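Structural overview for review
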4 protein chains.
Amino acid sequence: MAEKFKGIIPPMITPILSNSKLDYDGVGKIVNHLIEGGVNGIFILGTTGESISLSYESRRNLIKETATRIEGRVPLLVGITDTSIEESLNLASLAYESGAEAVVATPPFYFHLGQEELFEYYWDLANQTKLPLFLYNMPSMTKISMSVETAVRLSQHPNIIGLKDSSANTVYFQALKYSINRKDFSLFVGPEEIMAETVLMGGSGGVTGGANLFPKLYVKMYEAALAHDFDRIKIFQKQILEIATLLYTVGKYNSSYLKGVKGAASLLGLCENQMASPLKPFLPKEMEKISTNLEGIMANLNKLPL
Amino acid sequence: MAEKFKGIIPPMITPILSNSKLDYDGVGKIVNHLIEGGVNGIFILGTTGESISLSYESRRNLIKETATRIEGRVPLLVGITDTSIEESLNLASLAYESGAEAVVATPPFYFHLGQEELFEYYWDLANQTKLPLFLYNMPSMTKISMSVETAVRLSQHPNIIGLKDSSANTVYFQALKYSINRKDFSLFVGPEEIMAETVLMGGSGGVTGGANLFPKLYVKMYEAALAHDFDRIKIFQKQILEIATLLYTVGKYNSSYLKGVKGAASLLGLCENQMASPLKPFLPKEMEKISTNLEGIMANLNKLPL
Amino acid sequence: MAEKFKGIIPPMITPILSNSKLDYDGVGKIVNHLIEGGVNGIFILGTTGESISLSYESRRNLIKETATRIEGRVPLLVGITDTSIEESLNLASLAYESGAEAVVATPPFYFHLGQEELFEYYWDLANQTKLPLFLYNMPSMTKISMSVETAVRLSQHPNIIGLKDSSANTVYFQALKYSINRKDFSLFVGPEEIMAETVLMGGSGGVTGGANLFPKLYVKMYEAALAHDFDRIKIFQKQILEIATLLYTVGKYNSSYLKGVKGAASLLGLCENQMASPLKPFLPKEMEKISTNLEGIMANLNKLPL
Amino acid sequence: MAEKFKGIIPPMITPILSNSKLDYDGVGKIVNHLIEGGVNGIFILGTTGESISLSYESRRNLIKETATRIEGRVPLLVGITDTSIEESLNLASLAYESGAEAVVATPPFYFHLGQEELFEYYWDLANQTKLPLFLYNMPSMTKISMSVETAVRLSQHPNIIGLKDSSANTVYFQALKYSINRKDFSLFVGPEEIMAETVLMGGSGGVTGGANLFPKLYVKMYEAALAHDFDRIKIFQKQILEIATLLYTVGKYNSSYLKGVKGAASLLGLCENQMASPLKPFLPKEMEKISTNLEGIMANLNKLPL
């Protein structure tokens, strides 16, 4: 399992049309772009994919279309995060039928759960999904951080095979690494700025949003970290931070990162610059800035030893 | 409008069976219990109704069944809170077709929105619902508190007719009261412990969870507050606080209130003691405590001048 | 005790000079202004008094000077909030020697305490102060909200005689009122916007910042609330909310309230417009707005039946 | 400067006696223990030193005594964190007179500051201290996280020479590393669990609490990280996480870390097991656990290639 799930697994953006419907062609373009960039898997219906803003119909269409487009070239992971476990299980069934390899879920995110309730929720969920399950720690959105103790207990469920941590707190990540004694348990990190250091310290890889745009850069960084090649790590890290700085902080929205990834992807011809309510794409003036910054980044990227 | 929406509008609990399906008979029992208690309306699919834990099918069934059971005796308000605006609009359409009088929505609660994004979301939503819309401020669950300024701007939309505030912050409530200059705009408060004081200071009434259990008590408290009858206010307030203390704090869960209302309702024969995942009903030992406490409360209630 | 501590006890602003030293004349002016306005006591070294920004020398000077200027006309309450209990006790001793009637303390506010640690801290403190002690719940600043249970346990200490709640959460306030069964225990509220309603529901009065500026208004509101005179309550409440809106929200700082009170007080001739680091007074442009708004407020106030 | 401030600079615990007075002998013992362990500097009056719980007299005594005991063997850094800038400056003067090399300050931590106010505070402070100043980001205690932008602006002050980040958020740390373009600016990390990875990615070292107990382990880990010696990093990291797990999580207090370090230090004979109010040392039963765990750790340590 841990062999299958490692490396760069981008949280795929969801391409949508101006009428809020799924952009089927966009799905094909993005899938090919990612696979050509060397990614080790594709994760749909995560935070970056605006999953919980999409209608169920769109989510179902996305699962089927992505599976079709991937054609088995890389593993497909499907987000089934929802406030209703019944709807999560419906999505999990469809993921299974569509040929996905795993499902991924944050805690339910409306009520304030305790750790015991969180444990029971995930245990119940893992009992009922045919596909293996990744835990997804995302405290800024879900209002709960899975404790190390809860994660350890959950790691003993045979159908729970890994955890994606988007907390940005690497003390927590190191504590998970130390405490979970299952060799075949994958620990992925969300934020791309710390992917290299978590891989250096034993992490399995990154679910890095920027890999939607420049998959090769993140794949090469993963490889450099695995190889302890600090010359390349240093060069790539500077580039990754530059991307974060120039594309994800425009406009100072809480969702500048999401707007930036979608906006830049649209400039790269991967999709339209449309977002699902309640988020809106960048304004024209902000897109000008993204456009200028993107040009600079691409000029730089061309000089890198990728 | 403000004439129609005032007084006690309980956030109805959702009765479910052990197989997690909707308990149709329970709906009928609860609806009659509430209307016989004198309530001024019924609000389904709110926080107390565990709305966002229910499958869409259950939500749709609940809307139809409640409308049928009410038979037009009191206004029906339907919660359409969701992270996907398309799903909210689907629920709003069904509410309209079923004869409801208004819809109610919290902000979408996964992403961190800014006030401008919150404003645009509600404005868009109000443009697209046939029924009038109540805003629902619930910062502890949604991670955002609607600013007074945003509420004032939204109150200028002709299809937005009121706000339910569950923040428990009465400085905020008073600021809304002062700042919103529309006579026909209703301001409801959530927590029952402060319903009397907000009505004394000009509020429209309460969406009080305890009214699921003892609707008459809350209706009489509302009337006492309207009449400035402090003798009765004092007696009823003591009773209301006793209910909150004895039924809502057992077990010290984050959701002790929800477990307490559902558990007590089951003891009153209104529904089964079942909750939708991720919440679970009280354990048998906790239910013993609820049972004992409930007996004491009912003995007391019988002595009150209701 | 409860007879002594009730009504309006303003959290006195601390007048300071441009060299950050205490403005002794200012102390005299403010004390007289407050007493002439009919206040029931004066509370120095609270949040509004910028206590924890002052040097110990300034705090000691303020205690002595205020005591001297009051000349026994009203009770003096002294804030002894500090992160070091030894320094709190030093201030408490000086308060006692200077003739104060009570001391007031928030929890220590750097470390994250648990409820048991909070209980022990206050119990220890109350054991060591010669003057009676008021608890001061101020969660937005101290990162901890005293639980109702902790407050109830602390209310059993003979030297703890009351609590000031600045949480703005009146569910909490009502729970305290219900749960603390000591007749001679005073419950004060901080925010002036909700002073009337808490008094209507049994509160002891308000530690209201605006009373620095217009003590008579808040005193009359307290009396109206006691008398259940809703005609006057309605008029005064509108005025109080207008003050909050026009003076406390300029500039949208986290500390706009503090800057507004100090700025308006300086325009009333009570002190210089100086604040203790890290806070700074309003900028000239912001002060123009305060000045205009203050004129409007004073014109209105003259028409009120005070 | 950056040459002077790098490596392991432990946040020294403050030894106190049962009468809460400073334990002068303890200071000497701890200072020698640290220097013999090879540390690159000593930081007193930080969070681990319980600074803000100490009386001013104790803080002053500690500065003088530590300087005396160090005898110039390593640089002394002095925490001047306070809510009053005047008191911070008093401590800074004494630090200068005592021969310290730098001062360190968190933001003032009672009021909620904005980023501009935070910038102005630090700029003012740096203008007035004779010793160079380290910024200290500690959002969990101070309620404010210094933005990258604010840190960049502050790094342009000639008297601000570094930053200690205790946020545990390495996305933030990497953003600082990328954005601050001053070669002689030191970036230290607080939590020992992530010291290695931040040094691998370019950080200057660690202000690691566990180094009070086992200075050599952290010094050797720093050296291994500098040398990219992953065999040793892996061994030491496991040991460091074991220390954190066995000593810092006993009792599940918010301050278990602080109680654990002090408790273990007392078992090592470095000080008494006394803490400054409001914190209390571990209970006897908890100390038994610390004792057993400590024995295991020391047995392990003896086998390491230190």
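Quick note: structure is the one above.
Residues numbered from 1 in each chain as written. Chains lettered and ligands numbered in written order. Predicted model: local features only at pLDDT ≥ 70, side-chain atom pairs only at ≥ 80, totals over all residues. Heavy atoms only, no water.

**Structural notes on the overall build of chain A**
The secondary structure content of chain A amounts to 12 helices and eight strands. Taking 19 Å as the expected radius of gyration for a compact globule of 306 residues, we find that chain A reaches 18 Å, a close match to that expectation. Across its three principal axes, chain A shows a C-alpha extent of roughly 50 × 45 × 35 Å. Considering chain A as a whole, with its 306 residues, one finds that 65% of them fall into the buried category. Counting only contacts in chain A whose residues sit at least 6 apart along the sequence, the fraction spanning at least 24 positions is 73%. Counting every atom, chain A has about 10500 Å² of accessible surface; 50% of that belongs to carbon and sulfur. Between the centroid of the 28 positive side chains of chain A and the centroid of its 31 negative side chains there is a distance of 4 Å. (Helix = DSSP H or I, 4+ residues; strand = E, 2+ residues; numbered from the N terminus. Rg over C-alpha atoms; globule rule 2.2 N^0.38 Å. Buried < 20%, exposed > 50% of the residue type's maximum accessible area, 1.4 Å probe, protein only. Contact = heavy atoms within 4.5 Å. Areas by Shrake-Rupley, 256 points an atom, 1.4 Å probe, with all protein chains shown as cover. Lys, Arg positive; Asp, Glu negative; His and termini not counted. Charge placed at Lys NZ, Arg CZ, Asp CG, Glu CD.)

**Here's the deal with the packing of aromatic side chains**
Applying the stated criterion to the full structure yields 42 aromatic pairs over all chains. Geometrically, the ring pair formed by Phe 230 of chain A and Phe 230 of chain D is stacked, given 6.0 Å between the ring centres and 25 degrees between the ring planes. Here Phe 230 of chain A, found in helix H10 (residues 230–247), pairs with Phe 230 of chain D, found in helix H10 (residues 230–247), and the two come from separate chains. By relative accessible area, which is 13% here, Phe 230 of chain A ends up buried. Ring centres of Phe 134 of chain B and Phe 188 of chain B lie 6.0 Å apart, and the angle between their planes is 65 degrees; on these two criteria the pair is classed as edge-to-face. Of this pair, Phe 134 of chain B sits in strand S5 (residues 133–137) while Phe 188 of chain B sits in strand S7 (residues 186–189), and the two are 54 residues apart along the sequence. Each member of the pair, Phe 134 of chain B as well as Phe 188 of chain B, carries the same accessibility label: buried. Every member of this aromatic cluster is reached through a ring pair, and the members are Phe 109, Tyr 110 and Phe 111 of chain A together with Phe 109, Tyr 110 and Phe 111 of chain B. Directly above the aromatic system of Tyr 253 of chain A lies the positively charged group of Lys 259 of chain A, at a separation of 4.1 Å from the ring centroid. (Phe/Tyr/Trp six-rings, centres within 6.5 Å; stacked < 30°, edge-to-face > 60°. Lys NZ or Arg CZ within 6 Å of the ring centre and 35° of its normal.)

**Some details on the interface of chain A and chain D**
Contact with chain A, which involves 24 residues of that partner, is made by 24 residues of chain D. Summing both sides of the interface, chain A and chain D together bury roughly 2100 Å²; the carbon and sulfur share of this comes to 69%. On the chain A side of the contact with chain D, Tyr 178, Met 201 and Phe 230 of chain A bury the most area, a combined 30% of that side's loss. Linking chain A with chain D are two salt bridges. Two residues, Glu 149 of chain D and Lys 252 of chain A, come together in a salt bridge whose shortest N-O distance is 3.9 Å. At the surface where chain A touches chain D, the tally comes to seven residue pairs in polar contact (both at pLDDT 80 or more). Secondary structure elements with two or more residues in the side of chain A that touches chain D: helix H7 (170–179), helix H8 (195–200) and H10 of chain A. Ranked by the residues each element gives to the side of chain A that touches chain D, the list is headed by H10 of chain A, at seven residues. (Buried area = accessible area lost by both parts, 1.4 Å probe. Salt bridge = Lys/Arg side-chain N within 4 Å of Asp/Glu carboxyl O. Polar contact = N/O pair within 3.5 Å; in protein donor to acceptor, adjacent residues only side chain to side chain.)

**Structural notes on the relation of the copies chain A and chain D**
You can overlay chain A on chain D at an RMSD of 0.0 Å; the transform is a turn of 180 degrees with a shift of 0.0 Å along its axis. Read as a symmetry element, the transformation amounts to a two-fold axis. Relative to the rotation axis, the closest C-alpha in chain A is found at Asn 169 of chain A, a distance of 2.3 Å. When the interface residues of chain A are mapped onto chain D, 100% of them again lie at the interface, so the same face is used by both copies. (Least-squares fit on C-alpha atoms with pLDDT ≥ 70 in both.)

**Topic: the arrangement of the chains**
Nowhere do chain A and chain C come into contact; their C-alpha atoms are at least 17 Å apart. There is a gap between chain B and chain D: no contact, and a shortest C-alpha distance of 17 Å.

**Overview of the relation of the copies chain A and chain B**
Once chain A is rotated about the relating axis by 180 degrees and shifted along it by 0.0 Å, it coincides with chain B to within an RMSD of 0.0 Å. A high fraction, 100%, of the interface residues of chain A reappear at the interface in chain B, so the copies pair face to face through one surface.

**Regarding the interface of chain A and chain B**
Often, the extent of an interface is quoted as the loss of accessible area upon association of its parts. Residue-level contacts link 40 residues of chain A with 40 residues of chain B. Note on chain A versus chain B: buried area summed over both sides is about 3600 Å², and carbon and sulfur give 57% of it. Considering only the surface of chain A that becomes buried against chain B, Tyr 110, Phe 111 and Pro 278 of chain A emerge as the three largest contributors, covering 22% of it. For the pair chain A and chain B, the number of links is six salt bridges. Among the salt bridges present, the one from Asp 124 of chain B reaches Lys 280 of chain A, with a minimum N-O distance of 3.3 Å.

**Some remarks on the sheet that holds strand S2 (residues 42–44) of chain D**
Residues and elements named next belong to chain D. Spatial ordering of the open sheet is given by S1-S8-S7-S6-S5-S4-S3-S2, a layout of eight strands whose pairing is parallel. Sheet topology places strand S1 (7–8) and S2 at the edges, where each strand pairs with a single neighbour. Across the sheet, helix H4 (residues 115–128) lies against strand S4 (102–105), strand S5 (133–137) and strand S6 (160–165), angled at about 155 degrees from S5, the strand it touches most. (Pairing = 2+ DSSP bridges. Axes fitted to C-alpha atoms, helices over the stretch in contact; angles between N-to-C directions.)

**Observations regarding the packing of helix H7 (residues 170–179) of chain B against helix H10 (residues 230–247) of chain C**
Remark: H7 of chain B packs on H10 of chain C, axes separated minimally by 10 Å, with the N-to-C direction vectors making an angle of 100 degrees. As far as their axial angle goes, H10 of chain C and H7 of chain B are roughly perpendicular. Here H7 of chain B contributes Gln 174, Ala 175 and Tyr 178 of chain B to the contact with H10 of chain C, which in turn contributes Gln 237, Lys 238, Leu 241, Glu 242 and Thr 245 of chain C. Here the contact of H7 of chain B with H10 of chain C is built from residues that sort into three nonpolar, three polar and two charged. (Parallel < 35°, antiparallel > 145°, perpendicular 65-115°, else oblique. Nonpolar A, V, L, I, M, F, W, Y, C, P; charged D, E, K, R; others polar.)

**Overview of unusual backbone geometry**
Residue Pro 278 of chain B is bonded to the preceding Ser 277 of chain B through a cis peptide linkage, with omega at 10 degrees. Inspection of the secondary structure assignment puts Pro 278 of chain B in the loop between helix H11 (256–267) and helix H12 (284–303). We note that Glu 71 of chain A has phi near 55 degrees; this positive angle belongs to a residue other than glycine. Residue position: Glu 71 of chain A is located in the loop between helix H2 (56–70) and strand S3 (76–79). Assessed through its relative accessible area of 62%, Glu 71 of chain A is described here as exposed. Positive phi, normally seen in glycine, also occurs at Ala 168 of chain B, with a value near 70 degrees. Following the sequence through the fold, Ala 168 of chain B ends up in the loop between strand S6 (160–165) and H7.

**What about H11 of chain B?**
Between its first and last C-alpha, H11 of chain B extends 16 Å over 12 residues, near the 16 Å set by a 1.5 Å rise per residue. Within H11 of chain B, 10 of the 12 residues are buried, which leaves the element mostly enclosed by the surrounding structure. For H11 of chain B, the complete set of buried residues consists of Ser 256, Leu 258, Lys 259, Gly 260, Val 261, Lys 262, Gly 263, Ala 264, Ala 265 and Ser 266 of chain B. Each element contacted by the buried residues of H11 of chain B is listed here: helix H4 (115–128) of chain A together with helix H10 (230–247) and H12 of chain B. Directly after H11 of chain B, the chain includes Gly 269 of chain B, whose backbone phi takes a positive value near 80 degrees. (Expected span 1.5 Å × (residues − 1).)

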